[in-house]
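# Topology and contacts: notes
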Amino acid sequence: MGEKSMTLKFKANILKKFVNNKGLFHLKLDRTYFYPDGAGGQLGDRGTINGKRVLGVIKQGDEILHILAEDVKNKEVLCEIDLERRFDVSQQHTGQHILSTVFQKKFNAHTLSFHMSEEYSTIDLDTIYLTKEIAKEVEMKCFEYIIAAKDVKIYFVDKSKVSSMPFRKIPQNLPAKVRVVEITGVDLSLCGGTHVKNTAEVGLIKILKWEKVKGKNTRVYFLCGNRAIKDYQLKNSILYNTSNMLSIGIKDVFEKVKREHEELMATFKMMRRLKRELVSYIVDELYANAIVKDGDRYILRQFKDAEMMRYVAAELVKKYDVVFFLGTTNGKPSLMLGKGDKAKYDVLSYAMNWKERLALRGGGKRNIITLLFEEKGSFESMLGDIKQNIMEVKDV
C-alpha cells in the first residue's frame, strides 16, 4: 500500500493461484493495493479482479491472498477496489485516531487495542472510569477536530527517528522504515491502515456505549461518518414513530414509556400472583379427580398456558403424593412428568426412556422432569402412549 494507499484501480500479474477445500480461489499478485482483513484491527478491502468479486483478502506470512468464488483465467488482471467500502473503513479508522487521542489528552486514558467490525468499532481503554458526561465531552472535542478540517498526512520515517517524535503509542519490533499517520496538530501515530485525507471527511464520531472488560479496562463502542449518520436516522425514525403512536412530544417519550412499562410490570406481577392463587384451587381439583391405580393417584392434564403448567407441577410435588403428566402445545410442545415422594410409579424412568427414544431435549430436578419436543408429531406420539396406558387428557 505505502504512500499510494488511495490507489483504487491498478493492473497486476497473477503469481500464484490455488483452490482451497471450500472451492474458493486464492490469488497472489505481483503487486496489490487491497488491504487485508484484520490487519491493524480494521476491515479489509473488497472489489473485483477482472470483474470477478473479491470475497476476502488475507495475509499469510509475507503473502497477501485475494479470495474469489470464480476463477480468473488471464495472467494479467485489472483490479478495482470498492471505493464506498474503502471510504467507510477509512472514516472509522481516522475517527478512531481522533477518539483515542482525545481520551488520552483530556483524561489520560490510553488505547490498548482497536477492533473494527461491519456494524461498529471498539477501542479498549486502560481505565474503568467513564461517565456520560465524559463521553459527551469527548464527542464534542472530537467534533472540534473534525470541523477544523485538519489534514491527514501519511509518510515514512526511519526507525531511528521514532524515539524523537511525539507518537501517541510506540509498538515494539519496528521495521527499518515505519509508516506514520499524522493528523496535523491533533495526533501522531504509527499505523499501516487506510485513512481519509482530511478530518472533515470523518464527518461525525458517536460513542454508542461502553462496558468494563478484564476487570480494569473499558471497551468503548463507536461509529464514525456515514455509519453514525445512518444510526442517527434509524434511532430518530424509531423515536419519531413512537412519539406519534403515543401522541406526545419527542422529549416526553422516555418518561411516557417508562411509566407504561412500570404499569405493565405491575400488571404482570398481579397476574402471576393471581395465577399462584388459582393454582391452589386447580391442584386440589386435580387431586380430587385423580384416578387411583395400583395404589397411586394419577393426574393427566393438558394446559394452554405453559407458565400455569409449571406452577401446577411445582405445587403438586409439594402438596400431594401423586403421579402426574402435564402437557402444553403453547410454543414448542412440552411435557412435565413428576411424582410425590411417596408415589410408587417410576414416572422419571418412563420419561427418560421416551427422552432417549425420541432424542428429546430436557431435564429436571428433584421429582420433576421436562421434555421438550421439536415437532408436534413426537409430542402426540408420547401423549398417545400415555392416553392408551393410563387415561384421557382434558384441557384446562
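Note: the structure precedes this text.
What comes next concerns the included structure. This structure is a prediction, so every number in the text was calculated from the model and none was measured. (Residues numbered from 1 in each chain as written. Predicted model: local features only at pLDDT ≥ 70, side-chain atom pairs only at ≥ 80, totals over all residues. Heavy atoms only, no water.)

## Examining the overall build of the protein chain
A tally of helices and strands in the protein chain yields 7 helices and 20 strands. In terms of overall size, the protein chain is more extended than a compact globule, its C-alpha atoms giving a radius of gyration of 32 Å where 396 residues would be expected to give roughly 21 Å. Projecting the C-alpha coordinates of the protein chain onto the three principal axes gives extents of approximately 90 × 55 × 40 Å. By the burial criterion, 43% of the 396 residues in the protein chain qualify as buried. A sequence separation of at least 24 residues applies to 59% of the contacts in the protein chain between residues at least 6 apart. Carbon and sulfur atoms provide 52% of the accessible area of the protein chain, an area that totals close to 22200 Å². (Helix = DSSP H or I, 4+ residues; strand = E, 2+ residues; numbered from the N terminus. Rg over C-alpha atoms; globule rule 2.2 N^0.38 Å. Buried < 20%, exposed > 50% of the residue type's maximum accessible area, 1.4 Å probe, protein only. Contact = heavy atoms within 4.5 Å. Areas by Shrake-Rupley, 256 points an atom, 1.4 Å probe, with all protein chains shown as cover.)

## Quick notes on the pattern of salt bridges
Proximity of charged atoms lets side chains of opposite charge pair with each other. Under the defined criterion, the tally for this structure stands at 26 salt bridges. A salt bridge links Arg-219 to Asp-124; the nearest nitrogen and oxygen atoms lie 2.8 Å apart. A residue pair is termed long-range when its members are at least 10 positions apart, and Arg-219 in strand 13 (residues 217–224) and Asp-124 in strand 8 (residues 121–125) qualify at 95 residues. The partner of Lys-275 in a salt bridge is Asp-305, with the nearest N and O atoms 2.7 Å apart. Placement of the pair is Lys-275 in helix 4 (residues 253–288) and Asp-305 in the loop between strand 15 (296–303) and helix 5 (306–319), with a sequence separation of 30 residues. Overall, the relative accessible area of 27% leaves Asp-305 in the partly exposed class. (Salt bridge = Lys/Arg side-chain N within 4 Å of Asp/Glu carboxyl O.)

## Some points on helix 4
Counted at 1.5 Å a residue, the expected span for helix 4 with its 36 residues is 52 Å, and the 52 Å between its end C-alpha atoms agrees. All of the buried residues along helix 4 are Val-253, Lys-275, Val-279, Ile-282, Val-283 and Leu-286. Of the surrounding secondary structure, the elements contacted by the buried residues of helix 4 are helix 3 (225–246), strand 15 and helix 5. (Expected span 1.5 Å × (residues − 1).)

## Quick notes on the sheet that holds strand 10 (residues 177–183)
Taking strand neighbours across the sheet as the criterion, the 3 strands line up as 9-10-11 in an open arrangement whose pairing is antiparallel. A strand with exactly one partner marks an edge of an open sheet, and here the two such strands are strand 9 (152–158) and strand 11 (187–190). Across the sheet, the mean angle from the axis of one strand to that of its neighbour is 25°, orientation sign disregarded. The pairing of strand 9 with strand 10 spans 7 bridges and is antiparallel. If you follow Val-152 over to strand 10, its bridge partner there is Ile-183. Contacting strand 9, strand 10 and strand 11, helix 1 (residues 83–107) crosses the sheet at an angle of about 75° to strand 10. (Pairing = 2+ DSSP bridges. Axes fitted to C-alpha atoms, helices over the stretch in contact; angles between N-to-C directions.)

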